[in-house]
Amino acid sequence: MIINHQFQATQPVENQNSQRVAVLLAGYGEVQSYRALSVYNQAATKYIASQFVPIPEWLYPLAGWFLALQDLYNFGVKHDHFMSPENEIFEKQRLGIEEQLQHQWGNRVQVFKGFYFCQPFVQEVVADIIEQGFQNLLIYPMLVVDSAFTGKIAVEQVNEVIAATASVNEPEHSTFKTIRYIPAFATEPTYIDLMARRIKETLNQLFVGRFFQSQIGIVLTVHGGPEKAQGLLTGVIDGQALYDGVQAKLQHQYPLVSIGWVNHDTPFINWSQPNLKQAAKSLITAGAQTILFKPLGWVTDNYETILDVEDAIQSLQRQYPTVTYTRLDCVNDDPDFLKIAAGWANPHIEAMLSMPQHHEHIKTRRLDFD
């Protein structure tokens with residue numbers, strides 16, 4: 001009788017855990033202290049640079065230290081102690097998406113955030129999710145247009161925690177019963193429509209009566225990348241698809257539209273073209289009297305969407321001083337975007353909450369990536 005009583009007491013807890021979903025928003029993150037730049041860049045070297053430049057593991061600390069010196073000059077000296085707004089915006093996005101999801105699912109859904117290269121690290125957040133007893137995990141890369149290249153980091157770091165907490169040879173002992181993943185938003189009609197609508201609204205506010213529409217140049221900025229990586233497609237494919245979708249909605253009204261890749265040029269690596277300045281120069285040559293830079297491949301402002309664009313504008317102003325330049329923000333915590341982003345998660349949450357929860361069925365559905 002005592003054994004049965006204990007089983008009855010613990011069974012509802014397991015059922016409750018299996019009926020909850022942890023949504024993990026994953027992004028790059030930006031350090032809030034320059035002293036952390038070395039750790040940040042060491043992680044970036046491991047998870048990003050090593051994918052397209054052969055770097056031995058023992059060089060990660062040295063590469064992190066060297067890149068930290070570059071960042072220290074770039075952020076601290078060149079840009080007057082710049083501090084990225086990314087982390088603060090990311091928290092607003094987390095709160096907004098959680099509010100949307102809990103409006104539909106209640107407390108059965110909780111939204112967490114984790115960063116690839118700084119605190120709170122994805123690995124630490126996943127460990128916390130496990131400790132809280134969640135058995136369903138939805139991995140949701142958020143910062144940039146996802147791809148096998150950038151999204152792989154989130155999956156890789158989640159898998160590191162799984163490998164450390166359960167034997168791969170005994171999947172029945174895994175903490176998670178289901179794991180799902182939200183893929184790229186590059187071809188999502190709702191995001192493409194939102195971007196095109198916001199751009200047109202801004203143009204109407206800024207330039208109505210000042211320029212003919214054929215004199216307005218629009219550079220849609222997308223995260224650049226190497227043409228080749230080690231067995232992974234880069235975000236260039238998704239970025240191009242996203243640009244094509246938005247440009248198609250603008251071109252009849254605004255013919256001077258170009259993609260502009262934000263590159264981190266590395267020796268011996270071919271990066272996506274045209275870059276920001278090349279794109280703008282091409283539009284100016286075609287008669288643009290004003291240039292608008294709009295982040296397309298990011299949803300959260302960061303140093304790339306701010307500093308890289310401002311540096312390009314300063315260079316262009318010296319060469320084309322009669323042209324005006326405007327840098328726009330990402331969608332950030334735009335309520336319409338947060339509603340759309342939550343909507344992408346809903347089908348996955350519904351699928352996980354509706355799955356059979358008996359253990360004999362779960363064993364065939366573990367780590368259900370799709």
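Position numbers for residues start from 1 in each chain and track the written sequence from start to end. Residue-level local features of this predicted model are given only where pLDDT is at least 70; pairs of side-chain atoms are given and counted only at 80 or more, and the full residue set underlies all totals for whole chains, interfaces and linings. Here the side-chain values reflect all heavy atoms present in the structure, with hydrogen atoms and water set aside.

Trainee: Please clarify how the environment of Asp334 should be interpreted in this entry.
Mentor: Runs of H or I in DSSP of at least four residues are treated as helices and runs of E of at least two as strands, each being numbered from the N terminus. Residue position: Asp334 is located in the loop between β8 (324-327) and α11 (335-353). A simple rule labels every residue: compare its accessible area, found with a 1.4 Å probe on the protein chains alone, to the largest value its type can have, and call it buried under 20%, exposed over 50%, or partly exposed in between. Exposure remark for Asp334: the relative accessible area of 14% places this residue in the buried category.

Trainee: Please clarify how unusual backbone geometry should be interpreted in this entry.
Mentor: Negative phi is the rule for most residues except glycine; trans is the rule for most peptide bonds. The omega torsion across Gln119 and Pro120 is -5°, close enough to zero to call that bond cis. Its place among the elements puts Pro120 in the loop between β2 (109-115) and α5 (122-131). Of the consecutive residues Gln273 and Pro274, the connecting peptide bond is found in the cis state with omega at 5°. Looking at the element boundaries, Pro274 is found in the loop between β6 (257-262) and α9 (276-285).

Trainee: I would appreciate a short explanation of the pairing of strand β3 (residues 136-141) in the present structure.
Mentor: On a regular strand, each side chain points to the face opposite its neighbour's, so the side chains alternate between the two faces of the sheet. In terms of burial, β3 is a largely internal element, six of the six residues being buried. Both faces of β3 are covered, namely the face carrying Asn136, Leu138 and Tyr140 and the face carrying Leu137, Ile139 and Pro141. Whether two strands pair depends on DSSP finding at least two bridges between them. With six bridges joining them, strand β1 (residues 21-27) and β3 adopt parallel strand pairing. Its bridge partner lying in β3, Ala26 is registered against Pro141. Pairing analysis gives four bridges linking β3 to strand β4 (residues 178-181), with the strands arranged parallel. Residue Leu138 lies in a different strand from β4, and its bridge partner there is Arg180.

Trainee: So what exactly am I meant to see when it comes to the sheet that holds β3 here?
Mentor: Either a parallel or an antiparallel arrangement is found when strands of a sheet pair, and the pairing is made through backbone hydrogen bonds. As summarised here, the arrangement of the four strands in space is β2-β1-β3-β4, forming an open sheet in which the pairing is parallel. Only two strands of the sheet have a single neighbouring strand rather than two, namely β2 and β4. Direction aside, neighbouring strands of the sheet carry axes that sit 20° apart on average. Contacts are assigned to residue pairs with any non-hydrogen atoms lying within 4.5 Å of each other. Only the contacting stretch of a helix is used when fitting its axis, a line to C-alpha atoms as for every element, and angles between N-to-C directions run 0 to 180 degrees. Seen against the sheet, helix α4 (residues 86-105) touches β1 and β2 and runs at an angle of roughly 160° to β2.

Trainee: Just checking my understanding: could you explain the pattern of salt bridges for this structure?
Mentor: Opposite charge on two side chains allows them to pair when their charged atoms are near. For this document, the term salt bridge refers to a Lys or Arg side-chain nitrogen within 4 Å of an Asp or Glu carboxyl oxygen. Considering all chains together, one arrives at 13 salt bridges under this definition. Between Asp193 and Lys249 there is a salt bridge, and its shortest N-O distance comes to 3.1 Å. Taken together, the residues span a long stretch of sequence, with Asp193 in helix α7 (residues 189-207) and Lys249 in helix α8 (residues 236-250) at a distance of 56 residues. Asp193 sits in the partly exposed class, given a relative accessible area of 33%. Taking relative accessible area as the criterion, Lys249 reaches 40% and is therefore assigned partly exposed. Among the ionic pairs, Arg327 bridges to Asp329, the shortest N-O distance being 3.7 Å. Owing to a relative accessible area of 43%, Asp329 belongs among the partly exposed residues under this scheme.

Trainee: I tried to follow the nonpolar core on my own but got confused; where do I start?
Mentor: Looking at soluble globular proteins, one finds that nonpolar side chains tend to be buried together. Nonpolar cores were defined as sets of buried Ala, Val, Leu, Ile, Met, Phe, Trp, Tyr and Cys residues, with membership established by side-chain atoms within 4.5 Å. In terms of nonpolar packing, the biggest core is built from 114 residues, with Leu101, Phe117, Ile291, Phe337 and Ile349 touching the most fellow members. Ranked by the residues each element gives to this core, the list is headed by α11, at 10 residues. Not counting the four nearest positions on each side in its chain, Leu101 is found in contact with Val23, Gly106, Val109, Val111, Ala342, Ala345, Asn346 and Ile349.

Trainee: Is there a simple way to explain the confidence of the model for the protein chain in this structure?
Mentor: Segments scoring low in pLDDT should not have their predicted coordinates read at a detailed level. pLDDT runs from 0 to 100 and stands for how confident the predictor is about each residue. Overall, the predicted model of the protein chain reaches an average pLDDT of 86, with 85% of residues at or above 70. Between the elements of the protein chain, mean pLDDT differs from a low of 36, seen in helix α12 (residues 359-362), to a high of 98, seen in α9. Note on residues 1-13: pLDDT is under 50 here. Beyond four places in sequence and across chains, it has zero contacts. In this model residues 358-370 is a low-confidence stretch, pLDDT under 50, and it forms 29 contacts with partners more than four residues away in sequence or in other chains.

Trainee: Which parts of the structure should I look at to understand the packing of aromatic side chains?
Mentor: Both the distance between ring centres and the angle between the ring planes are used here to describe each pair of aromatic rings. Side-chain rings of Phe, Tyr and Trp (the six-membered ring for Trp) are treated as a pair once their centres are within 6.5 Å; stacked means planes under 30 degrees apart, edge-to-face means over 60, and tilted covers the remaining angles. One pass over the structure, following the stated rule, counts 13 aromatic pairs. Centre to centre, the rings of Phe112 and Phe134 are 5.6 Å apart; their planes meet at 90°, and the pair counts as edge-to-face. Linking Phe112 in strand β2 with Phe134 in the loop between α5 and β3, this pair joins segments that are 22 residues apart in sequence. Given a relative accessible area of 7%, Phe112 falls into the buried group. Looking at Phe134, the relative accessible area reads 0%, which means it is buried. Two limits define a charge over a ring: the Lys NZ or Arg CZ must be within 6 Å of the ring centre, and within 35 degrees of the ring normal. Of note, Arg20 hangs over the ring of Phe134, and the distance from its end group to the ring centre comes to 3.9 Å.

Trainee: Please explain the side chain of Glu30 as it appears in this structure.
Mentor: Along the chain, the position of Glu30 falls in the loop between β1 and α2 (37-47). Think of it this way: Lys and Arg go in the positive column, Asp and Glu in the negative one, and His and the chain ends go nowhere. No salt bridge is formed by the buried Glu30; the nearest opposite charge belongs to Arg327, separated by 13 Å. Setting aside residues up to four positions removed in sequence, Glu30 forms contacts with Tyr40, Ser84, Glu86, Asn87, Cys118, Asn302 and Tyr303.

Trainee: Looking at this structure, I do not really get the sheet that holds strand β5 (residues 216-223). What am I missing?
Mentor: Read from one edge to the other, the open sheet built from four strands follows the order β6-β5-β7-β8, with strand pairing classed as parallel. Each edge of the open sheet carries a strand with a single partner, namely β6 and β8. The sheet shows a mean angle of 25° between the axes of neighbouring strands, direction not considered. By the bridge criterion, six bridges tie β5 to β6 in an arrangement that is parallel. Across the sheet, the residue bridging to Leu220 is Ile259, located in β6. Packed onto the sheet, α8 meets β5 and β6 and runs at close to 155° relative to β6.

Trainee: Where do I start with a nonpolar patch on the surface in this structure?
Mentor: Within the patch definition used here, like charges are joined within 9 Å and nonpolar side chains (Val, Leu, Ile, Met, Phe, Trp, Tyr) within 5 Å, considering only residues with over 30% relative accessible area and no salt bridge. Only the protein chains shown count as cover for residues, with accessible areas throughout obtained via the Shrake-Rupley method and a probe of 1.4 Å. On the surface, Leu62, Trp65, Phe66, Leu69 and Leu72 cluster together into a nonpolar patch covering about 510 Å² of accessible area. When you line up the elements, Leu69 lands in helix α3 (residues 60-78).

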